[in-house]
Amino acid sequence: MSLGPLMTDLQGTTLQPEERELLRHPLVGGVILFTRNYGSPAQVAELIGELHALREPRLLVAVDQEGGRVQRFREGLTRLPPVRELGHVADTDPERARRLAETTGWLMAAELRALGVDLSFAPVVDLDRGLSSVIGDRAFHGEAERVADLAHAYMLGMRSAGMAAVAKHFPGHGSVAGDSHHELPRDERRLADLRAEDLLPFERMIHYGVPALMAAHVVFPRVAPMPAGFSYNWLHEILRVELGFQGAVFSDDLSMEGAAIAGERMSERCRVALEAGCDMVLVCNRREAVLESLQRLDQRPNPASQLRLTRLHGRGAELSLADLRAGERWREAVKRVRSYEDSPLLDMDL
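Quick caveat: nothing in here was measured; it's all calculated off a predicted structure.

Caption draft 1: Unusual backbone geometry, seen in detail. In this chain, Ala-122 is followed by Pro-123 through a cis amide linkage whose omega measures 5°. Here Pro-123 shows up in the loop between β6 (119-120) and α5 (144-160). Phi at Asn-285 takes a positive value of approximately 65°, unusual for a residue other than glycine. Along the chain, Asn-285 falls in the loop between β10 (280-282) and α10 (287-296).

In structure tokens form, the structure reads like this:
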């Protein structure tokens, strides 16, 4: 069996019989976990083990573990500051900020790998322009070169822990005020302006070898009529051809209001995103929409997508969380991360 192009979610902390059946469907290829799926490190490790045992190749198991407002697994793991704190450090000591970014990327990924998680959808490489409340301190900085520098270091840390990075939200969500969870944001800039600003960190990350990207539900009408995640122009002509990206492309959650432009039915949204160039599409918090998509989608396995996706499985021997914590590297990493934390962590579930 191959990895299907659809990533979906679970209802609770245990795997239900109907979910086992759903996740064996050939169109399913991954599971994204949320706070509601997490009770403790031991519980979620057992759950992930069950998910990985369901089929071969094993399902990709992902989570949003950026830090700050967006950290799904908290109790029993290290609380991570928002990455904007790294940007503050970089304003006065860029080299220290790079070292801390690499350490933070490693710590986040190492703890998740100890639980069996394959992917964290991180780092955010949007620019913090002071416009987007949904991005805000999830971004490293407002300057493109600074973002690229810190995101590169963060990716290297993730890689050393055995986890692939997923840079988001291509081609940039930080320069619009609208929140794509609730509306379709519009960015009226020309492509030339985007190349010099929001696109630059993505271009740098592609050059550094980032293995995956997540596309934004943002429309750039001077470039293409559809949001980036539904646009062949963005995902093929610009991302694949012009920028030379060879990795995997994830959609953002197709249940978000910013995705409604692609169709009323979820199956239609999935079809448009996949035809535009996404390798895997996310459908979250709408089980009936997942079932409708599985019934209506007529999607044959794409060998290129298969290769891109299977490369994203977590790598290396997994230490238990207890063994990880017993090591000097973990203890030193926690100390370093706590050294730059400067803002309260909020319990928002974006």
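Caption draft 2: A look at the pattern of salt bridges. Under the criterion given, the structure shown has 32 salt bridges. Across the salt bridge formed by Asp-279 and Arg-240, the nearest N and O atoms sit 3.1 Å from each other. With Asp-279 in the loop between α9 (266-276) and β10 and Arg-240 in helix α8 (residues 232-242), this pair connects stretches of sequence that are 39 residues apart. The same class applies to Asp-279 and to Arg-240, which are both buried. Close ionic contact of Glu-292 with Arg-296 constitutes a salt bridge, the shortest N to O distance being 3.2 Å. Of this pair, Glu-292 and Arg-296 both sit in helix α10, separated by 4 residues, roughly a single helical turn. Classification of Glu-292 by relative accessible area gives buried; the value is 13%. Residues participating in the shared-partner salt-bridge network are Asp-64, Glu-66, Arg-72, Arg-138 and Lys-168.

Rules used in this analysis
Residues numbered from 1 in each chain as written. Predicted model: local features only at pLDDT ≥ 70, side-chain atom pairs only at ≥ 80, totals over all residues. Heavy atoms only, no water. Helix = DSSP H or I, 4+ residues; strand = E, 2+ residues; numbered from the N terminus. Salt bridge = Lys/Arg side-chain N within 4 Å of Asp/Glu carboxyl O. Buried < 20%, exposed > 50% of the residue type's maximum accessible area, 1.4 Å probe, protein only.

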